[in-house]
Amino acid sequence: MKLKIMNNYEELSEEAANIITERIKEKPSLALGVAAGSTPLLLYKKLGERCQRGEVDFSCVRVFCLDVYIGLLPTDPHSFRRSMEENLFSRVNLKKEHINLMDGMAVDIAAECARYDDAVKAVGGLDFLVLGIGTNAHIGFNEPDEVFVADTHVVELSEATRTANARFFENPDDTPSWAISMGIKDIMMTSEVMLMASGASKTEAVYKAVCGDITPFAPASVLQLHRNAHFYLDKAAASRIPEELIKEK
Ligand code: F6R
């Protein structure tokens with residue numbers, strides 16, 4: 001695990017956009033996993049601007065979303081489909097057929113999870129994955145639990161996650177309780193992982209992920225075992241990591 005500490009959210013997002021631009025240049029058909037949520041929003045905006053200026057080309061990129069809520073129509077303004085559409089897909093020249101998401105309205109959810117794992121397998125696994133981190137150290141919607149779940153699966157969202165995500169809903173009670181998430185296997189099999197965290201609300205989760213025990217109770221801690229995981233942090237998110245560890249990494 002490597003740490004990159006930037007002064008602020010703007011620098012963090014710029015650096016993240018540089019890396020993704022580079023990776024797409026190296027491999028135009030990059031299989032790119034993406035998180036929803038607020039942390040990567042500026043990154044996605046920057047990628048959109050770069051694409052419009054002709055500095056990056058998404059025409060062959062294959063995108064895989066990390067997770068979706070169960071029970072929200074793709075057109076629902078709160079669905080991850082809609083938010084990814086507005087914040088990334090519509091801003092870059094991605095082909096529709098290269099966009100992969102789980103169907104949170106599927107009647108047979110188990111079959112839908114298996115279909116998604118097969119789709120990831122069919123491209124040979126992900127090349128690059130953008131992750132955020134929950135205040136409880138979740139990645140994707142792999143919530144703290146007694147075990148790591150390998151495959152794409154149904155998750156009951158924890159109270160911490162529902163509370164954190166309630167900010168996106170006019171009525172907090174409308175925050176969904178269930179989601180589908182990519183599992184730890186696809187995350188760990190990804191060639192390169194970039195976890196982004198910004199702000200003091202993530203300090204504790206980042207500390208657990210970087211310095212704590214590797215445990216499913218802090219799912220991001222599993223990235224300590226990943227061969228090519230980079231944590232892109234601003235100063236606030238990194239503020240509990242001891243200085244010597246920052247130098248070392
Ligand atoms: C969303 C996802 C989540 C978020 C995490 C942080 O697709 O996978 O793990 O990345 O909850 O969310 P924000 O960035 O909104 O703090």
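What counts, and where the lines are drawn
- All residue numbers here refer to positions counted from 1 along the written sequence of the relevant chain.
- Given that this is a predicted model, residues contribute local features only at a pLDDT of at least 70 and side-chain atom pairs are listed and counted only at 80 or more, while totals for whole chains, interfaces and linings are drawn from all residues.
- Excluded from the side-chain calculations are hydrogens and water; all other atoms, namely the structure's heavy atoms, are used.
- By the criteria applied, helices consist of DSSP H or I runs no shorter than four residues and strands consist of E runs no shorter than two, each listed in order from the N terminus.
- A radius of gyration in this sense is built from C-alpha atoms; the matching globule rule multiplies 2.2 Å by the number of residues raised to 0.38.
- Throughout this description, buried means an accessible area under 20% of the type-specific maximum (1.4 Å probe, protein chains only), exposed means over 50%, and partly exposed covers the range between.
- Note on definitions: a residue-residue contact is assigned when non-hydrogen atoms from the two residues lie within 4.5 Å.
- Here the accessible surface of atoms and residues is derived via Shrake-Rupley with a 1.4 Å probe, and residues count as covered only by protein chains that are part of the display.
- In summary, the charge assignment counts Lys and Arg as positive and Asp and Glu as negative, without counting His or the chain termini.
- Each charge is placed at NZ for Lys, CZ for Arg, CG for Asp and CD for Glu.
- Any residue with a non-hydrogen atom lying within 4 Å of a molecule or strand is treated as near it.
- Pairs of N or O atoms are called polar contacts if they sit within 3.5 Å, as long as, within protein, a hydrogen donor faces a hydrogen acceptor (for residues adjacent in sequence, only side-chain-to-side-chain pairs).
- Residues are grouped as follows: nonpolar covers Ala, Val, Leu, Ile, Met, Phe, Trp, Tyr, Cys and Pro; charged covers Asp, Glu, Lys and Arg; every other residue, Gly included, is treated as polar.
- Two strands qualify as a pair provided that DSSP identifies no fewer than 2 bridges between them.
- As a rule, the C-alpha atoms of each element are fitted with a line to give its axis, helices using only the stretch in contact, and angles between N-to-C directions run from 0 to 180 degrees.
- Each Phe, Tyr or Trp ring (for Trp, its six-membered ring) is paired with any other whose centre lies within 6.5 Å, and the angle between the two planes then decides the class: stacked below 30 degrees, edge-to-face above 60, tilted in between.
- Throughout this description, the term charge over a ring refers to an Arg CZ or Lys NZ atom that lies within 6 Å of the ring centre and within 35 degrees of the ring normal.
- We define the nonpolar core as a collection of buried residues of types Ala, Val, Leu, Ile, Met, Phe, Trp, Tyr and Cys that are connected through side-chain atoms lying within 4.5 Å of one another.

> Quick question: what am I supposed to make of the overall build of the chain here?
Helix and strand counts for the chain stand at eight helices and 10 strands. Computed over its C-alpha atoms, the radius of gyration of the chain comes to 17 Å, within 12% of the 18 Å expected for a compact globule of 249 residues. By its C-alpha atoms, the chain is 50 × 45 × 35 Å across when sized along the principal axes. For the chain, with 249 residues in total, the buried portion stands at 55%. Restricting the contact set of the chain to residue pairs at least 6 apart, pairs at least 24 apart contribute 80%. Accessible surface for the chain amounts to roughly 11100 Å². Of this, 52% is attributable to carbon and sulfur atoms. In the chain, the 27 positive side-chain charges and the 37 negative ones have mean positions that sit 6 Å from each other.

> Sorry if this is basic, but what is going on with the site of the ligand here?
The environment of the ligand is formed by 15 residues, the closest being Thr39, Asp67, His138, Gly140 and Lys202. In the environment of the ligand, an oxygen atom lies 2.5 Å from a nitrogen or oxygen atom belonging to the side chain of threonine 39. A distance of 2.8 Å separates an oxygen atom of the ligand from a polar side-chain atom of arginine 167. Considering the ligand on its own, with 410 Å² of exposed area, one finds that the protein chains cover 95% of that surface. Grouping the amino acids of the shell around the ligand by side-chain chemistry returns five nonpolar, seven polar and three charged.

> Can you walk me through the sheet that holds strand S8 (residues 178–181) in this structure?
Sheet strands line up and pair through hydrogen bonds in the backbone, either parallel or antiparallel. With antiparallel pairing, the three strands of this open sheet are ordered in space as S4-S8-S7. Strands at the two margins of the open sheet, each flanked by one partner only, are strand S4 (67–69) and strand S7 (153–156). Along the sheet, successive strands turn relative to each other by an average axial angle of 25 degrees, direction set aside. The pairing of S7 with S8 spans four bridges and is antiparallel. Residue pairing across strands places valine 155 opposite alanine 179, the latter belonging to S8.

> Just to check I follow, could you spell out the packing of aromatic side chains for this structure?
The geometry of an aromatic ring pair is captured by the separation of the ring centres together with the interplanar angle, meaning the angle of the planes. One pass over the structure, following the stated rule, counts five aromatic pairs. Here the aromatic rings of phenylalanine 64 and tyrosine 116 are separated by 6.2 Å at their centres, their planes lie at 75 degrees, and the arrangement is edge-to-face. Remark: tyrosine 116 occurs in helix H4 (residues 109–122) and phenylalanine 64 occurs in strand S3 (residues 62–65); sequence separation between them is 52 residues. The pair phenylalanine 64 / tyrosine 116 is uniform in exposure class, with both members buried. The structure contains a cluster of three or more aromatic residues connected by ring pairs, namely Tyr69, Phe80, Phe141 and Phe169. Taking NZ or CZ as reference, arginine 240 lies 3.7 Å from the ring centre of tyrosine 207, over its face.

> Explain the nonpolar core to me, please; I cannot follow it from the model alone.
Nonpolar side chains in soluble globular proteins tend to be buried together. If you look at the biggest cluster of nonpolar residues, it comprises 83 residues, and the most contacted ones within it are Leu43, Phe58 and Leu223. Once residues within four sequence positions are removed from consideration, leucine 43 is found in contact with Ser13, Ala16, Ala17, Ile20, Val130, Met194 and Met196.

> Explain the pairing of strand S6 (residues 128–131) here, please?
Here is the key point about a regular strand: its side chains alternate between the two faces of the sheet. Going residue by residue along S6, you find Phe128 and Val130 tucked away on one face and Leu129 and Leu131 tucked away on the opposite face as well. As paired elements, strand S2 (residues 31–34) and S6 share two bridges and run parallel to each other. Residue leucine 32 lies in a different strand from S6, and its bridge partner there is phenylalanine 128. In the sheet, S6 pairs with strand S9 (residues 192–197) via four bridges, with the strands oriented parallel. Residue pairing in the sheet places valine 130 in a bridge with methionine 194 of S9.

> Got a minute to help me understand the side chain of threonine 39 in this structure?
Note on placement: threonine 39 falls in the loop between S2 and helix H2 (41–52). Filtering out sequence-adjacent residues up to four positions away, threonine 39 remains in contact with Tyr9, Met196, Ala197, Ser198 and Lys202.

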